[in-house]
Amino acid sequence: MAELAALRFVRVQSADFDTAALQTELLQGEASSGALASFTGLVRDRNEDRDVASMQLEHYPGMTESSINAIIDQALERWPLQSVGVVHRVGQLKPGEQIVYVGVASAHRGAAFAACEFVMDYLKTRAPFWKKELSGQQSHWVEARHSDEEAADRWDA
């Protein structure tokens, strides 16, 4: 079992974020990090053959952060990580805007890549966020994708 990370952060916010600043924060004071893997998700302008003018993201404050911290705890148990950070935006977002950032630092690239993918897969399926796509006068809640569930389930095998 890996030791607890030297640094971790979880932020749920409406404001945009700076990926370079987040990377610097993850590596702060950690000369032993040999790898940093990150993922930045963006709002698409099309989803399932529908145009998307904007997306409204909602969450359950307190529960959402707790769920994300539990995901990070699981990543820390699986891989030797120096730091893990997650930023997830809420509110109204337009296509092309950043929606989520996951960053993981480790001594080696394999652990960083795997942990980053794990955290993102679990965020998509286990963190309490609700997404509504808006297009013109129509809107609809986004359903969980079977492919997202399959991606998360492979970590349980």
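Use the structure listed above.
In what follows, the accompanying structure is described. (Residues numbered from 1 in each chain as written. Predicted model: local features only at pLDDT ≥ 70, side-chain atom pairs only at ≥ 80, totals over all residues. Heavy atoms only, no water.)

1. Let's talk about the environment of Cys116
Step number 1: Looking at where Cys116 falls in the secondary structure, it is placed in helix α3 (residues 109-126).
Step number 2: On a C-alpha basis, the gap between Cys116 and Leu36 in space is 9.2 Å, while along the polypeptide they are 80 residues apart.
Step number 3: Every residue in contact with Cys116, bar those within four places of it in the chain, is listed here: Ala37, Ser38, Phe39, Val102 and Val104. (Helix = DSSP H or I, 4+ residues; strand = E, 2+ residues; numbered from the N terminus. Contact = heavy atoms within 4.5 Å.)

2. Examining the packing of aromatic side chains
Geometrically, a pair of aromatic rings is defined through the distance of the ring centres and the angle of the planes.
Step number 1: By the definition in use, this model includes 5 aromatic pairs.
Step number 2: A ring pair is formed by Phe118 and Tyr122, whose centres lie 4.3 Å apart and whose planes are at 35 degrees; its orientation type is tilted. One end of the pair is Phe118 and the other is Tyr122, both in helix α3 and 4 residues apart, which spans about a single turn.
Step number 3: Look at Phe118 and you get buried, because its relative accessible area is 0%.
Step number 4: The exposure class assigned to Tyr122 is buried, which follows from its relative accessible area of 2%.
Step number 5: Positioned above the aromatic ring of Phe9, the side-chain terminus of Arg11 is 4.3 Å from the ring centre.
Step number 6: The ring centre of Tyr122 lies 4.0 Å from the NZ or CZ of Arg126, which sits over that ring. (Phe/Tyr/Trp six-rings, centres within 6.5 Å; stacked < 30°, edge-to-face > 60°. Buried < 20%, exposed > 50% of the residue type's maximum accessible area, 1.4 Å probe, protein only. Lys NZ or Arg CZ within 6 Å of the ring centre and 35° of its normal.)

3. What about the nonpolar core?
Generally speaking, soluble globular proteins have nonpolar side chains that are buried together.
Step number 1: By size, the foremost hydrophobic cluster in this structure holds 36 residues, and its most contacted members are Ile68, Trp79, Leu81, Val102, Phe118, Val119 and Leu123.
Step number 2: Elements with a contribution of two residues or more to this core: β1 (7-13), β2 (35-42), β5 (54-59), α2 (63-78), β6 (81-89), β8 (98-106) and α3.
Step number 3: Looking at this core element by element, the count peaks at 10 residues for α3.
Step number 4: Setting aside residues no more than four positions away along its own chain, Val119 makes contact with Ile71, Ala75, Val86 and Val102.
Step number 5: Residues Phe17, Leu22, Leu26 and Tyr101 belong to the second largest nonpolar core, which totals 6 residues. (Core = buried A, V, L, I, M, F, W, Y, C linked by side-chain atoms within 4.5 Å.)

Interpretation in functional terms is not warranted from these geometric data alone.
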